[in-house]
Amino acid sequence: MNEPLFSVIILCYRRFEYLYSAIDSLLRQDYPNIEIVVSDDGSEVFPKEQIEAYIRQYKGPNITRTIVRQQPQNSGTVRHLNDAVQACSGAYIALLPADDNFYDEHVLTSYAQGFAQAPENCCIEMAQTGMYDENLETLDEYYLKPWVQAAMEQTETDSSALYAYMIRLGACLPSPSTCFKREFFDKFGKFDEDYALVEDYPAHVRLAKEGWVLHYANFVAIKHRHGGISHGQSGTLSRSKKLYAEDSIRMIDEIMLKNLDALPPEDRALTARRRERERDWVAFTMARLEGNRRRMAALALRHPAYSLTTVLNLLGGRLRPAWRPVSLAAAFFWLFSDTVARMFETLTGWPAVYLSNVLMVVTVCVSILWACCAVILLSQKLLGHIRRFPTETLRIG
């Protein structure tokens, strides 16, 4: 067996419903020399023996080493990942989140072939990430955009374009589809443990700023499941969400806003406004989950136009299903109120004017409701068209 050992780290914490699916996608790999490292971040209940037994039962001869480990206590994603890397023995190291899957059985082989085609001084490569639904059945989009891919492919000679994208766009590289040579960590060191849950964006900014060569391997490596810390969160506050929000605010303040000089002068003010608005939106979300209405109001008043846009979008989403029945009700009352009043008079002998007055009040109320729905939905549609304009047009707002 001449192929270098390939270590794959699967990080998990508490939720294990998708872990075995991730393991299955690793066991199907056709690379001939694989080390599996399943690492848990201090869950109260961790089925270590069951995981080891599952891998023993279904592994092939290409699985040459297995490590199932657990942190002594919950330490956060960044420190957990740093410790898991130290447990690896492979010449190549790839990361597989416990709720994702490898795209097909050739991913590790494709990574190895990609490094063979990369410049000799390249220690890190990335492939495409497919963003899927919760069942990994429906592809929503591909994460890496063509312009970011082009900037990444230029890093052999110049990383300035990628660095500018990192500051302007934030996290834009396909972190789940990343593979490292072992010597990367010898040169780079550990991921920044000043952050609790976000290891990728601070590292990517440093790579671009320092001029590291990033190789793009042109294949889809990961099926990324909608969910987790940064996707699909529910409306409740948890320690993970709090830490993620704190990491997000720190990245905006300490990385994005402090490195605006990477952008052309005409883009700096606009990017700063967007990042400040994003920071306040994270703080607003946390205040909402905490039930801090005073804090929510203060943050909303700092960005009245953006707050109004957000409210219109929320209202539009709720009013759209009611638009048709409200329209039909308004039309009915305007067209048939007098007819209903006369029929009432014929059947009961009561003067039609009594019911006519009641129906007029109802007609006015339904019409006002219809008008409000129309204004909100039309405003939301107009805002949607504005967002499709070129970026320069948004300066008007």
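A quick note: this is a predicted structure, and the numbers were derived from the prediction, not measured.

## Here we look at the overall build of the chain
A count of helices and strands for the chain gives 13 helices and 9 strands. For the chain, the C-alpha radius of gyration of 28 Å lies well beyond 21 Å, the compact-globule estimate for 397 residues. For the C-alpha atoms alone, the extent of the chain along its principal axes is close to 100 × 55 × 40 Å. Put simply, the chain has 397 residues, and 45% of those count as buried. If you take every contact in the chain between residues at least 6 apart in sequence, the share linking residues at least 24 apart comes to 78%. Here the chain has roughly 21200 Å² of accessible surface; of this, 56% comes from carbon and sulfur atoms. Placing the 43 positive and 47 negative side-chain charges of the chain at their respective mean positions leaves the two points 7 Å apart.

## With respect to the environment of Pro 61
Position of Pro 61 among the secondary structure elements: in the loop between helix H2 (48-58) and strand S3 (63-70). The exposure class assigned to Pro 61 is exposed, which follows from its relative accessible area of 79%. Between the C-alpha atoms of Pro 61 and Arg 279, which are 218 residues apart in sequence, the distance is 49 Å.

## What about the pairing of strand S6 (residues 124-132)?
For a regular strand, side-chain orientation follows a simple rule: the groups alternate between the two sheet faces. Buried residues dominate S6, accounting for 9 of its 9 residues. Here 3 bridges tie S6 to strand S8 (residues 178-181), and the two strands are oriented antiparallel to one another. When the sheet's bridge partners are listed, Glu 125 is paired in S8 with Cys 179. Connecting S6 to the next strand, strand S7 (residues 139-142), in antiparallel fashion are 6 residues, including Leu 136 with a positive phi near 60°.

Criteria and thresholds
- Residues numbered from 1 in each chain as written.
- Predicted model: local features only at pLDDT ≥ 70, side-chain atom pairs only at ≥ 80, totals over all residues.
- Heavy atoms only, no water.
- Helix = DSSP H or I, 4+ residues; strand = E, 2+ residues; numbered from the N terminus.
- Rg over C-alpha atoms; globule rule 2.2 N^0.38 Å.
- Buried < 20%, exposed > 50% of the residue type's maximum accessible area, 1.4 Å probe, protein only.
- Contact = heavy atoms within 4.5 Å.
- Areas by Shrake-Rupley, 256 points an atom, 1.4 Å probe, with all protein chains shown as cover.
- Lys, Arg positive; Asp, Glu negative; His and termini not counted.
- Charge placed at Lys NZ, Arg CZ, Asp CG, Glu CD.
- Pairing = 2+ DSSP bridges.

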